Amino acid sequence: MTFKPDNFAAKRRRQAGFTLAEVLAALLLMAIVIPVAMQGLRVATTAGEVGQRKMVAARIGNKVLNEMKVTYQTHGAGQTGVAQEHGVSYRWNVKTQGWTEDTLSQMSLATVTVSFLASGKNYDVQLSTLLPGQQQMGTINTGIY
């Protein structure tokens, strides 16, 4: 039995590398997959940012409505303001209108809209609550000594 090292080494060298077609196919696959993956990461990042800012906006809107309930500020022109949190501006606006569903209760519907900017787009969150009307506020205020 004779051993031919030259033929074995030459055969092994031919099997060890990739062909040009295989390299081009891999590059083509990467050219398709990488942009799609980056777009998915961008969408996920934007969704996370918007979700976090909506949570903060809802908390600000809830605080504004609670202050209105405590101070009985249900009449007059719409109230507006700006709240800052972590370097982001949240603009809020309150509108009140008469509650028409129940004519006997004399309630007012207060709606606060909190707007903010995330990833170059404007978003807003709206919260609403019922507040006592003018006549009910008078009875509540006269009962406190």
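Predicted, not measured: the structure shown is a model, and the values here were computed from it. (Residues numbered from 1 in each chain as written. Predicted model: local features only at pLDDT ≥ 70, side-chain atom pairs only at ≥ 80, totals over all residues. Heavy atoms only, no water.)

Engineer: Whenever I open this one, a nonpolar patch on the surface confuses me. Can you help?
Structural biologist: Together, F18, L20, V23, L24, L27, M30, I34, M38 and L41 line one region of the surface with nonpolar side chains, adding up to about 970 Å² of accessible area. Take L41: it is sitting in helix α2 (residues 20-71). The class for L41 is exposed, based on a relative accessible area of 53%. (Patch = residues over 30% accessible without salt bridge, like charges linked within 9 Å, V, L, I, M, F, W, Y side chains within 5 Å. Areas by Shrake-Rupley, 256 points an atom, 1.4 Å probe, with all protein chains shown as cover. Salt bridge = Lys/Arg side-chain N within 4 Å of Asp/Glu carboxyl O. Helix = DSSP H or I, 4+ residues; strand = E, 2+ residues; numbered from the N terminus. Buried < 20%, exposed > 50% of the residue type's maximum accessible area, 1.4 Å probe, protein only.)

Engineer: Explain unusual backbone geometry here, please?
Structural biologist: Across the chain, the bulk of peptide bonds are trans and the bulk of non-glycine residues have phi less than zero. Even without being a glycine, H86 presents a positive backbone phi close to 55°. Within the element layout of this structure, H86 appears in the loop between β1 (79-85) and β2 (88-98). Positive phi, normally seen in glycine, also occurs at S119, with a value near 55°.

Engineer: Is there a simple way to think about the nonpolar core in this case?
Structural biologist: Nonpolar side chains in soluble globular proteins tend to be buried together. Judged by nonpolar contacts, the single largest core of 19 residues is most densely connected at Y90, W92 and V112. Per-element tally for this core: the top contributor is α2, with seven residues. Once you skip the residues sitting within four places of it in the chain, W92 turns out to touch I60, V64, Q79, T80, G81, V82, A83, V112, T113 and V114. (Core = buried A, V, L, I, M, F, W, Y, C linked by side-chain atoms within 4.5 Å. Contact = heavy atoms within 4.5 Å.)

Engineer: Even after reading the chapter, I still don't get the confidence of the model for the protein chain, so can you show me in this structure?
Structural biologist: Do not read the fine detail of predicted coordinates wherever pLDDT is low. Considering every residue of the protein chain, the mean pLDDT works out to 82; 76% of them sit at 70 or more. Confidence drops under a pLDDT of 50 for residues 135-145, and excluding neighbours within four residues, the segment shows 11 contacts in the predicted structure. (pLDDT = per-residue confidence, 0-100.)

Engineer: Sorry if this is basic, but what is going on with the pattern of salt bridges here?
Structural biologist: Side chains that carry opposite charge are capable of pairing whenever their charged atoms lie near each other. For the structure on display, the rule yields two salt bridges. Note that R53 is salt-bridged to E49, the shortest N-O span being 3.2 Å. Here R53 pairs with E49, and both are found in helix α2, just four residues apart, close to one helical turn.

Engineer: Would you mind going over α2 with me for this structure?
Structural biologist: Residues three or four positions apart in an α-helix share a direction because the helix packs 3.6 residues into each turn. Under the 1.5 Å per step criterion, the end-to-end length of α2 is 77 Å for 52 residues, consistent within 8% with the ideal 76 Å. Turning to α2, its buried residues number three or more, namely T46, V50, R53, V56, A57, I60, G61, V64, L65 and M68. Looking at the buried side of α2, the elements it contacts are β1, β2, β3 (108-118) and β4 (121-131). (Expected span 1.5 Å × (residues − 1).)

Engineer: What is the right way to read the pairing of β1 from this model?
Structural biologist: Two faces belong to every sheet, and in a regular strand the side chains alternate between them. Bridge count for β1 against β2 is seven bridges, and the pairing is antiparallel. Looking across to β2, one finds that V82 is bridged to R91. (Pairing = 2+ DSSP bridges.)

Engineer: What is the right way to read the sheet that holds β4 from this model?
Structural biologist: The strands making up a sheet are joined through hydrogen bonds of the backbone, oriented either antiparallel or parallel. Strand order in this open sheet of four strands is β1-β2-β3-β4, and the pairing throughout is antiparallel. This sheet does not close on itself; its edge strands, each paired only once, are β1 and β4. For this sheet, the mean angle separating the axes of adjacent strands, direction not counted, is 20°. Along the sheet face, α2 touches β1, β2, β3 and β4 and points at about 150° away from the line of β3. (Axes fitted to C-alpha atoms, helices over the stretch in contact; angles between N-to-C directions.)

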